[in-house]
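# Architecture and fold: a report
Each chain is listed here by its residues.
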Amino acid sequence: MAKKRQRRHAQKSVALKPAERYARALRQYEAGHLSRAEQTLNALIKLTPNHVETRVLLARICAHLDEYDRASAELQKAIELEPSNAQLRLNLGEVLYQAGRELEAVTALETAHHMDPENRRALDGLSSILFKQAKSERSVALWTRARSYLERYCALEPTNVPKRWILADCYEREGAKDKRLQTLREIHSIAPEDPSASHLIAAADGRGEVTTADISYVRDVFDAAAEHFDRELVDTLKYQVPQQIKSGVDALLKAGQSLGHVLDLGCGTGLVAEAIRSRCQSLTGVDVSSQMVENARKKALYDNLHVATLEDYLDEASTPYDTIIAADVLMYVGALEDVFAKVAQRLAEGGLFIFSIELLAESGFKLQSSGRFAHSDAYVHQLISRFGFSQIQGQEMTIRMEGTSPLMGVLYVLRRVRRSGSM
Ligand SMILES: C[S@@+](CC[C@H](N)C(=O)[O-])C[C@H]1O[C@@H](n2cnc3c(N)ncnc32)[C@H](O)[C@@H]1O
């Protein structure tokens, strides 16, 4: 009985017309029967090798199976049959990208773009790939290419905020300050509630009146940066503050001597912990970004971790600390009077306050176009004497690279000599 049924089924299949076979393959594909759909299509190709849709559907199946090289080979054959079909070039570009063949993907997407200049997917794919390459190769030519596709994309999508953020980033890296500011203003008018746009517009405007960063801006920036933070900061930007802190501490303490109970303000992903954990009796980390804290937690170097603003934590903590550290954090705070007062409250007599700043040549402190604050050495010295500290170290140093230039800062090591209330 079963053999008879199989024979009848086979006879029926042979009798099917190509269009019916294609429809059957499509049904099988849509029902998730990928290998059956593939068999139907392979049989169909033998009958009608020049049927474009068959090749396209086969390519889709291959892509579903993560076989991107095979998918691209099928699309190449389809393109040979219909060379002026922009959609095929677009599909090919996307599949080549998935196959890790980025240069070929860009060529295919550029051809699709020339054939259909308003195609959003082609512009999206091109700008994303070129932006990624520009970031890893730090190439001005690639930024410029990515930016030109982004400009076209944004012109076609007047309310798209994420692409405008990438466009603003490209302008920043190209040094096109006015265009960056204009893009930030566009973002602000589309999404007035976005704290990052308001903060960076104020920073780019160069108006002196901003004294602190919006905490939602800080949280957004670092939640987004957390995943690649260590690689980006240490490997690419040559971030040095944790190692400089370790050197400073090693110069100050004898072998085996401890920093005691240590509080790491704005602990981020725990780079400071990696550098000084062996010198800590206990180590507590605080950061406003839950994603950064999550990454710090994975390193298992802290005794306690808290997601909170450093200001709130200093207000609420009851334990006195022997050492408080803020590495590459105060540039996101601005005016430092409040932080100094609170640190002085939480620090045991004789305790250490170790922090870095970005150095400002002018007096006081200032929000820079980067969105971070820089502080002058004179301003820090006013705070040192006003809040009852003495300076032990104040070493000018390269914090990390900013583009191709070193970013200069100071690493301070202070000792609390008297309670701030007893001034
Ligand atoms: C550049 S990262 C430095 C992280 C870490 N200290 C290091 O050296 O690797 C700055 C960190 O400070 C945090 N931060 C900035 N302002 C803060 C605030 N007011 N309260 C708590 N965390 C803050 C950010 O979320 C971010 O994780």
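These figures come from a predicted structure and were not determined experimentally. (Residues numbered from 1 in each chain as written. Predicted model: local features only at pLDDT ≥ 70, side-chain atom pairs only at ≥ 80, totals over all residues.)

## Some points on the packing of helix α4 (residues 52-64) against helix α5 (residues 68-81)
Following both chains from N to C, one finds α4 and α5 inclined at 165°, their axes separated by 8 Å at the closest point. Between α4 and α5, the crossing angle belongs to the class labelled roughly antiparallel. For α4 against α5, the interelement crossing comes out left-handed. Together, Val52, Arg55, Val56, Leu58, Ala59, Cys62 and Ala63 of α4 and Tyr68, Arg70, Ala71, Glu74, Leu75, Lys77, Ala78 and Leu81 of α5 make up the contact between the two elements. Its residues placed into classes, the contact of α4 with α5 shows 11 nonpolar, no polar and four charged. (Axes fitted to C-alpha atoms, helices over the stretch in contact; angles between N-to-C directions. Helix = DSSP H or I, 4+ residues; strand = E, 2+ residues; numbered from the N terminus. Parallel < 35°, antiparallel > 145°, perpendicular 65-115°, else oblique. Left-handed = near helix turned anticlockwise from the far one by under 90°. Contact = placed C-beta atoms within 7 Å. Nonpolar A, V, L, I, M, F, W, Y, C, P; charged D, E, K, R; others polar.)

## Some words on the domain arrangement of the protein chain
Interfaces are often sized by the amount of accessible area the parts lose when they come together. By the assigned domains, the protein chain splits into domain 1 (2-116) and domain 2 (223-422). Each of domain 1 and domain 2 has a C-alpha centre, and the two are 57 Å apart. (Domains from an automatic or database assignment.)

## Here we look at the site of the ligand
The local shell around the ligand holds 22 residues, among which Phe222, Gly266, Gly268, Leu271 and Ala327 are the closest. A total of three residues in the shell around the ligand trace back to one element, the largest contributor, which is helix α13 (residues 215-225). Residues of the shell around the ligand, tallied by class, amount to 15 nonpolar, four polar and three charged. (Near = placed C-beta within 6 Å.)

## Some remarks on the pairing of strand β4 (residues 321-326)
Within β4, five of the six residues are buried, leaving the element largely enclosed by the surrounding structure. Across three bridges, strand β1 (residues 260-265) lies against β4 in parallel orientation. The residue bridging leucine 263 from the neighbouring strand is isoleucine 324, located in β4. Note that the unit made of β4, helix α19 (residues 337-346) and strand β5 (residues 347-358) has a crossover that is right-handed. (Buried ≥ 20, exposed ≤ 12 C-beta atoms within 10 Å, placed from the backbone. Pairing = 2+ DSSP bridges. Right-handed = clockwise from strand over helix to strand, strands pointing away.)

## Considerations on α13
Those residues of α13 not exposed but buried are Val218, Arg219 and Phe222. For α13, the angular spread of buried residues about the axis comes to 95°, placing them on one side. On its buried side, α13 packs onto α17 (290-299). (Arc of directions from axis to C-beta.)

## Re the sheet that holds strand β3 (residues 304-307)
Spatially, the seven strands line up as an open sheet ordered β3-β2-β1-β4-β5-β9-β8, and their pairing is mixed. The open sheet has two edge strands with one neighbour each: β3 and β8 (389-402). The average undirected angle you get between the axes of adjacent strands in this sheet is 15°. Most of the contacts of α19 go to β5, to which it runs at about 150°, and overall it touches β4, β5 and β9 (405-416).

## Here's the deal with the environment of alanine 255
Of note, alanine 255 is situated in the loop between α15 (241-252) and β1. Separated by 135 residues in sequence, alanine 255 and arginine 120 place their C-alpha atoms 61 Å apart.

## As for the pairing of β3
Moving residue by residue along a regular strand, the side chains alternate between the two faces of the sheet. Pairing geometry for strand β2 (residues 280-287) and β3, over four bridges, is parallel. Within β3, the position partnered with threonine 284 by the bridge is asparagine 304. Viewed along the sheet, the connection from β2 through α17 into β3 turns out right-handed.

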